[in-house]
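Spelled out from the first residue to the last, the chains are:
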Amino acid sequence: MTLILALDFGGTKLAAAVTQLGFREWLRYERHLSPVDGNATTDLEIMRSLIHSLLQGETPAVIGVSFGGPVDATTGIVRLSHHVPGWENLPLKDLLEKEFGVSASVDNDANVAALGEHRFGAGQGYDSLFYITVSTGVGGGWILNSQPWRGTAGMAGEIGHMVVNPAGPVCLCGKRGCVERLTSGPYMALDAKEYLLKQSNHFQGKKLRALVNNNLDLITGKIISDAAAQGDDLAVNILHTGAWALGVGIGNVANLINPQRFILGGSVTKAGKNWWNTVQNTARETALPEIDFEIIPAALGDDAPLWGAVALAESVLTSR
Ligand SMILES: [Zn+2]
């Protein structure tokens, strides 16, 4: 039996699973929340205990890893994590290979999820696609000619930091009006909070205020979606601006690379029909009329990084 071990180091959770080569179901699956004050060492300790409980003394043939941050996929060295300290330049691939005595392959979560959707999800049978995750951040992963396209230093696909409004608010990257700055959950929440703090009348955002009992610190991207679904004018505006920004980004990418499919995953993509319509219509208006593409939801859900890790592991086996 050829066992495959798949690992997912997310910003907020750690997950691990084992399957068998050719299987499309997990034999065993474990997940654990990442401690809020954790670091790379605590994350690795938790992952180690998940792995030992999963393997039950067996040895995997290969390990595939999805990491929530920039990674050099050729060396398997993590550059950093935006959420967890201590990952700077950590040689994750070497570490796992030494510890378990088998080959490992490591890539960033958006690239890995793109591979997962291509092999097992909404991208099956398509040779060019762009996967976009819209959640705490916004990341993208390419499949071109049925292969991952990572760019020279593994940095391809950064649609999150494509500028769509140069006069917009400042992003964590230092530029203004990036897609991520306008459409990610935490930034939408920040914009809502700042608006509500500044305004003198309480005319806009009434339902949004009610949903958090006037405690503006409790506003999240999810709460904004909920308020928008109830017709809250401020939430509808903010969500619309975010969807518009993503649509402009997608339309420009379509013009540039002309992929068959855009596959969207992540918590913000659960914001409802209006959000999807705005993304699709804006992208359609932004792209040239001759350029055809589809924008569809991801099929693998929260398991996309783990199934992508399986695809990554399988490509190690087939390249031998
Ligand atoms: Zn940015």
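Rules behind the numbers
Residues numbered from 1 in each chain as written. Predicted model: local features only at pLDDT ≥ 70, side-chain atom pairs only at ≥ 80, totals over all residues. Heavy atoms only, no water. Helix = DSSP H or I, 4+ residues; strand = E, 2+ residues; numbered from the N terminus. Buried < 20%, exposed > 50% of the residue type's maximum accessible area, 1.4 Å probe, protein only. Polar contact = N/O pair within 3.5 Å; in protein donor to acceptor, adjacent residues only side chain to side chain. Contact = heavy atoms within 4.5 Å. Core = buried A, V, L, I, M, F, W, Y, C linked by side-chain atoms within 4.5 Å. Axes fitted to C-alpha atoms, helices over the stretch in contact; angles between N-to-C directions. Parallel < 35°, antiparallel > 145°, perpendicular 65-115°, else oblique. Nonpolar A, V, L, I, M, F, W, Y, C, P; charged D, E, K, R; others polar. Donors = N, O, S within 2.8 Å, 3.2 Å for Na, K, Ca; no water. Tetrahedral: all angles 85-135°; square planar, octahedral: opposite > 155°, others 65-115°. Domains from an automatic or database assignment. Buried area = accessible area lost by both parts, 1.4 Å probe. Salt bridge = Lys/Arg side-chain N within 4 Å of Asp/Glu carboxyl O.

1. Thoughts on the side chain of Thr269
- Mapped onto the elements of the fold, Thr269 is located in the loop between β12 (261-265) and α9 (273-286).
- What makes Thr269 buried here is its relative accessible area of 11%.
- Only 2.6 Å separates the side chain of Thr269 from the backbone oxygen of Gly266, close enough to count as a polar contact.
- Those residues in contact with Thr269 that sit more than four places away from it in its chain are Val134, Leu264, Trp275 and Trp276.

2. Re the nonpolar core
- If you look at the biggest cluster of nonpolar residues, it comprises 45 residues, and the most contacted ones within it are Ile132, Ile250, Phe262, Leu264 and Trp275.
- Elements that contribute at least two residues to this core include exactly β9 (128-134), β10 (138-144), α4 (179-183), α5 (185-198), α7 (221-229), α8 (233-257), β12 and α9.
- Setting aside chain neighbours within four positions, we find Ile250 in contact with Ile132, Ile159, Phe262, Leu264, Val279, Ala283 and Ile295.
- By size, the runner-up hydrophobic cluster in this structure holds 29 residues, among which are Leu7, Leu44, Val65 and Phe67.

3. Notes on the packing of helix α3 (residues 109-120) against helix α10 (residues 304-318)
- Taken N-terminus to C-terminus, the directions of α3 and α10 make an angle of 80°; their axes are 7 Å apart at the nearest point. In this view, α3 runs roughly perpendicular relative to α10, as classed from their interaxial angle. On the side of α3, the interface is formed by Val112, Ala113, Leu115, Gly116, Glu117, Arg119 and Phe120, while α10 contributes Ala304, Pro305, Trp307, Gly308, Ala309, Val310, Ala311, Leu312 and Glu314.
- Across the contact of α3 with α10, the residue classes tally to eleven nonpolar, two polar and three charged.

4. Looking at the coordination of the zinc ion
- Surrounding the zinc ion are the protein donor atoms His161 (ND1), Cys171 (SG), Cys173 (SG) and Cys178 (SG), which sit 2.1 to 2.4 Å from the metal.
- Between the four donor atoms coordinating the zinc ion, the angles at the centre fall across 100 to 123°, so the site counts as tetrahedral.
- Given the relative accessible area of 5%, Cys171 is considered buried.
- The class of Cys173 is partly exposed, set by a relative accessible area of 35%.

5. Here's the deal with the domain arrangement of the protein
- Assigned domains within the protein: domain 1 (3-115 + 302-318) and domain 2 (123-298).
- Each of domain 1 and domain 2 has a C-alpha centre, and the two are 27 Å apart.
- On the side of domain 2, 15 residues touch domain 1, which itself brings 13 residues to the contact.
- Of the roughly 990 Å² buried where domain 1 meets domain 2, counting both sides, 61% is carbon and sulfur surface.
- Per-residue buried area on domain 1 facing domain 2 is highest for Ala110, Asn111 and Ala114; these three make up 41% of the total on that side.
- The tally of links from domain 1 across to domain 2 stands at one salt bridge.

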